[in-house]
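# Examination of the molecular architecture
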Amino acid sequence: MKNESTFIDVPAESSSAMKGKAPLIGVAKDHTTSGSGGYNRGISIFDFLLRLAAIVAASVAAGTMFTSDETLPFFTQFLQFEAGYDDLPTFQFFVITMSLVSGYIVLSLPISVVTIVRPLAAAPRLLLLVLDTAIMGLTMAAASSAAAISYVAHNGNQNTNWLPICQQFGDFCQKTSGAIVSSFVAVVFFMILVVLSGVALKRH
């Protein structure tokens, strides 16, 4: 009896077919990378806009405090009642600090633009995170110390016999209070900037 063998011809995949499948993996990888880059670019754009707003807040705080001088209308030839930011070292520190903060934010704008152009670059984002954290602490210190002085100016202190002066120097106290509020707004902006930098770095 003659043995018959059955052969099943299974066509092997051609090299061209396999080459056609290879780019699919690369396409999926590029899609994921572009999605992450687009998300980080959106964060970077929001970061840039927040810096512009922080410049306004810090500049308003410094300018308002700098122009807060007030002279009472009643004075004599030898006696004049005047209140100004330069009468208090804490307010001087406030003006200097907020001016430095404004200058820092302006200098940080080009780095923020780099993060928009190169959203996956970690070095510029890490640099902004470190610097923003330091400047945020400095801004908070200036705002908090000025707020303490402003509280004493409004309410006085009976234990030390410090009398409130805002009843006489109303415009002075109003301007200094506005400057302090603006500085705390800048602190909030810096907090958001630090959080955004942390989120962007986490996605790397």
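Residues numbered from 1 in each chain as written. Predicted model: local features only at pLDDT ≥ 70, side-chain atom pairs only at ≥ 80, totals over all residues. Heavy atoms only, no water.

When helices and strands are counted, the chain shows 4 helices and 2 strands. For the chain, the succession of helices and strands along the chain, N to C, is α-β-β-α-α-α. Counting only residues that meet the buried cut, the chain has 33% of its 204 residues in that class. For the chain, long-range pairs separated by at least 24 residues make up 78% of all intrachain contacts whose partners lie at least 6 apart in sequence. For the chain, the exposed surface amounts to about 12700 Å²; the carbon and sulfur share of it is 68%. (Helix = DSSP H or I, 4+ residues; strand = E, 2+ residues; numbered from the N terminus. Buried < 20%, exposed > 50% of the residue type's maximum accessible area, 1.4 Å probe, protein only. Contact = heavy atoms within 4.5 Å. Areas by Shrake-Rupley, 256 points an atom, 1.4 Å probe, with all protein chains shown as cover.)

Enumeration according to the criterion identifies 1 disulfide in this entry. Here C166 is linked by a disulfide to C173, with a sulfur-sulfur distance of 2.0 Å. Its S-S torsion of approximately -90° makes the covalent link between C166 and C173 left-handed. (Disulfide = S-S within 2.5 Å.)

If you walk through the whole model with that rule in mind, you get 3 salt bridges. Here R125 and D47 are joined by a salt bridge, their closest N and O atoms 3.4 Å apart. Remark: D47 occurs in helix 1 (residues 15–66) and R125 occurs in helix 3 (residues 122–155); sequence separation between them is 78 residues. Assessed through its relative accessible area of 3%, R125 is described here as buried. With relative accessibility at 0%, the residue D47 sits in the buried group. D132 is paired through a salt bridge with R51; the nearest N and O atoms lie 2.5 Å apart. Here R51 lies in helix 1 and D132 lies in helix 3, a separation of 81 residues in the sequence. (Salt bridge = Lys/Arg side-chain N within 4 Å of Asp/Glu carboxyl O.)

Averaged over every residue, the pLDDT of the chain is 81; the share at 70 or more is 76%. Counting contacts from residues 1–8, a segment whose pLDDT is below 50, to residues more than four positions away or on other chains yields 0 contacts. (pLDDT = per-residue confidence, 0-100.)

A word on the packing of aromatic side chains. Counted according to the given criterion, the structure contains 3 aromatic pairs. Between the aromatic rings of F66 and Y85, the centroid separation amounts to 5.3 Å while the plane-to-plane angle is 45°, which identifies the pairing as tilted. With F66 in helix 1 and Y85 in the loop between strand 2 (82–83) and helix 2 (89–117), this pair connects stretches of sequence that are 19 residues apart. Taking relative accessible area as the criterion, F66 reaches 45% and is therefore assigned partly exposed. Exposure remark for Y85: the relative accessible area of 14% places this residue in the buried category. (Phe/Tyr/Trp six-rings, centres within 6.5 Å; stacked < 30°, edge-to-face > 60°.)

Moving on, we get to the environment of I45. Structurally, the position occupied by I45 is in helix 1. Under the relative-accessibility criterion, I45 is labelled partly exposed at 41%. For I45 and S112, which are 67 residues apart along the polypeptide, the C-alpha to C-alpha distance reads 8.1 Å.

Right, let's get into the side chain of S150. By secondary structure assignment, the location of S150 is in helix 3. Beyond its immediate sequence surroundings of up to four residues, S150 is in contact with F91, S177 and I180.

Turning next to the packing of helix 3 against helix 4 (residues 170–202). Helix 4 packs onto helix 3 with a crossing angle of 155° between their chain directions and a minimal axis gap of 8 Å. The orientation of helix 3 relative to helix 4 falls into the category roughly antiparallel. Once helix 3 is placed against helix 4, the crossing between them reads as left-handed. (Axes fitted to C-alpha atoms, helices over the stretch in contact; angles between N-to-C directions. Parallel < 35°, antiparallel > 145°, perpendicular 65-115°, else oblique. Left-handed = near helix turned anticlockwise from the far one by under 90°.)

Among the surface-exposed residues, I45, F46, L49, L52, V188 and I192 lie close enough to one another that they form a single nonpolar patch of about 490 Å² accessible area. For the nonpolar patch, the secondary-structure elements that each account for two or more residues are helix 1 and helix 4. Of all the elements, helix 1 adds the most residues to the nonpolar patch, at 4 residues. Tracing the backbone shows F46 in helix 1. (Patch = residues over 30% accessible without salt bridge, like charges linked within 9 Å, V, L, I, M, F, W, Y side chains within 5 Å.)

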